[in-house]
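# Fold and contact review
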Amino acid sequence: QVQLVESGGGLVQAGGSLDLSCAASGNILRVNTWAYYRQAPGQQRELVAQIIRGAVENYHDSVKGRFTISRDNVLNIVYLQMNSLKPEDTAAYYCSADVLPTDDGSYWTYWGQGTQVTVSS
């Protein structure tokens, strides 16, 4: 069984910074792609940032230059550093991981429980 546990988030004023992290535990052989998504009330979930095992990073246009995603392949943790936050960044943030379990030959996508980020103007 694989679990993703998120931490970080909270309330911050516009222009401030927050750090999110997400740790995977369980029967993990390898994590391929980590990603953060967000979902604001009444909106669809959108991809914020992703990092592939080869350290290739992709970002939503609205966060480029402000957010940085990174990973620790030994500890199986992903980090999202968020700077210059804007009120429109307010949403529930979810991490996901494409995991190759030790007892399975296929990758499976797992999700964190979500963490709220609120940016006040």
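Residues numbered from 1 in each chain as written. Predicted model: local features only at pLDDT ≥ 70, side-chain atom pairs only at ≥ 80, totals over all residues. Heavy atoms only, no water.

## Some remarks on the state of the cysteines
Just so we agree on the cut-off: Two cysteine sulfur atoms form a disulfide, by the criterion used here, when they sit within 2.5 Å. By definition, any uninterrupted DSSP run of H or I lasting at least four residues is a helix, any uninterrupted run of E lasting at least two residues is a strand, and each is numbered from the N terminus.
Tallied over the entire structure, the rule returns 1 disulfide. Across the disulfide, C22 is cross-linked to C95 (sulfur-sulfur distance 2.0 Å). Its S-S torsion of approximately 45° makes the covalent link between C22 and C95 right-handed. Of this pair, C22 sits in strand β3 (residues 18-26) while C95 sits in strand β9 (residues 91-101); the two residues are 73 residues apart in sequence, bridging distant segments of the chain.

## Overview of the packing of aromatic side chains
Rules: Two rings from Phe, Tyr or Trp (for Trp, the six-membered ring) form a pair when their centres are within 6.5 Å of each other. A pair whose planes differ by under 30 degrees is stacked, one over 60 is edge-to-face, and the rest are tilted. Whether a charge sits over a ring comes down to the Lys NZ or Arg CZ being within 6 Å of the ring centre and within 35 degrees of the ring normal.
For the structure shown, the criterion picks out 1 aromatic pair. Aromatic side chains Y37 and W111 sit 5.1 Å apart centroid to centroid with 55° between the ring planes, which places their arrangement in the tilted category. Taken together, the residues Y37 in strand β4 (residues 28-39) and W111 in strand β10 (residues 108-111) connect sequence positions 74 residues apart. The ring of W111 has R45 lying over it, and the distance from NZ or CZ to the ring centre is 5.0 Å.

So yeah, pure geometry; function would need other evidence.
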